[in-house]
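Topology and contacts: notes
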Amino acid sequence: MQNKLKKGPLLDNKGHLCEAGYSTTLIKEYDRSAIKANKLRIKEWDYYLIYNKDYAIALTIDDNSYMGLNSISLIDFNKPEETTKSYMSFMTKGKVGLPPTSKIGDVKVTKKNHNLQFINNGKTRQLKVWVKNFKDNYDLNIDITLDNEPKDSMVIATPFNKKTAFYYNQKIVGFSATGKVELGDTYIEFGDDTRAILDWGRAVWTYKNTWYWGAGCGVIDGHEVGFNIGYGFGDTTSASENMVFYDGIAHKLDQVTFNIPKDKKGKDDYMSDWTFTSNDKRFEMTFHPIINRHSDANVLVIRSNQNQVFGEFTGNIILDDGKEIKLNKFLGFAEKVQNKW
């Protein structure tokens, strides 16, 4: 079943989801004050990924109420190598000020050793970052502008078995991005071949969960092509988050399965080739990894074990009208994240 959301508030007067399902716009109104769960369980984040065939930047501002996390990653696909700096703070309790909507609003974090600014005037987004001693004692400076937001996006409202827990999420796949990165003698310019993705999340999650997520965007035969796939959290019987985007228009998929290979010890072998399959046969892919952005943060009762693997997708996508899109070494990522938070 794929239930399409109707316009209205996200939560009722009991703090329960008014409706579970999906949309192609941010149709439900999120109001932090309507949440009835323990206020320390509220999780809010904005995550941007900007990339082209050579480099990627991943930027996160995250307010989990009992803790906050700011993270900055620079990935070189040619070497390949990645550098990540993450900064944790405690008892943020919503003071970071993440906006209640993705449509407009700014969030700014200013610290002694790093600054992040996500500025959104409703038309364009500017991402400005400074990090002291990011790598080899050099400061990192980033200034990126996002525009040409696609018409459609992936929006999902997902319940959990606890009535006051929910996940409201939007993935915008396929911004155009331009700008620069400076790190010592290294100067990276992002131009016409650069695309960006926003993962916008507002939620009350349960303590222990595992999710799978993958996405990619770029140009195929003169057309903007993107996709978002994922599962693993909450009750997704009302809708999945699987969508394909063709020239900014969404095409809804049903269920997609991530097949991560295993090594001889039975553990996930993230750097061997994966496969993806769908129950409607509209998303059939192989995935050849290039680099794994791995982190395993383990602080007392909080743990986040993340494997975000960047690589090349090759296979077929079928649109709603039956049109077949062939992907050949199409750059994107797929991840498995295990959280106790």
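Cut-offs and rules
- Residues numbered from 1 in each chain as written.
- Predicted model: local features only at pLDDT ≥ 70, side-chain atom pairs only at ≥ 80, totals over all residues.
- Heavy atoms only, no water.
- 1 Å grid on protein atoms, 1.4 Å probe; cavity = no way out; pocket = protein on both sides within 12 Å on 5 of 7 lines; lining within 4 Å.
- Points joined across faces, edges and corners; volume = space filled by probe spheres on them.
- Helix = DSSP H or I, 4+ residues; strand = E, 2+ residues; numbered from the N terminus.
- Nonpolar A, V, L, I, M, F, W, Y, C, P; charged D, E, K, R; others polar.
- Salt bridge = Lys/Arg side-chain N within 4 Å of Asp/Glu carboxyl O.
- Buried < 20%, exposed > 50% of the residue type's maximum accessible area, 1.4 Å probe, protein only.
- Contact = heavy atoms within 4.5 Å.
- Polar contact = N/O pair within 3.5 Å; in protein donor to acceptor, adjacent residues only side chain to side chain.

Take a probe with the size of a water molecule and roll it over the atoms, and the empty space left behind shows itself. Summed over the entire model, instances satisfying the criterion amount to 1 cavity of 30 Å³ or more. Its volume calculated, the largest cavity comes out at about 90 Å³. Taken together, 15 residues make up the lining of the largest cavity; nearest its centre are Asp-46, Tyr-48, Gly-105, Asn-120 and Arg-125. At the level of elements, strand S4 (42-51), strand S9 (114-120) and strand S15 (195-204) are the ones that each hand at least two residues to the lining of the largest cavity. By residue number, the principal contributor to the lining of the largest cavity is S9, which donates 3 residues. When grouped by side-chain class, the residues that make up the lining of the largest cavity number 8 nonpolar, 4 polar and 3 charged.

Evaluation of the coordinates by the stated rule reveals 15 salt bridges. With its nearest N and O atoms 3.3 Å apart, the salt bridge here joins Arg-125 to Glu-149. In this pair, Arg-125 is assigned in strand S10 (residues 125-135) and Glu-149 in the loop between strand S11 (138-147) and strand S12 (154-159), connecting sequence segments 24 residues apart.

For the rest of this paragraph, the subject is the environment of Lys-252. As for its position among the elements, Lys-252 is in strand S19 (residues 249-252). Classification of Lys-252 as buried rests on a relative accessible area of 15%. Separated by 67 residues in the primary sequence, Lys-252 and Leu-319 have C-alpha atoms spaced 8.3 Å apart. Lys-252 has contacts with Gln-2, Tyr-22, Ser-240, Glu-241, Asn-242, Met-243, Arg-282 and Asp-320, leaving out every residue within four places of it along the chain. Polar contacts involving the side chain of Lys-252 include one to the side chain of Ser-240, which spans 2.8 Å. Within polar-contact distance, the side chain of Lys-252 engages the backbone oxygen of Asn-242 at 3.2 Å.

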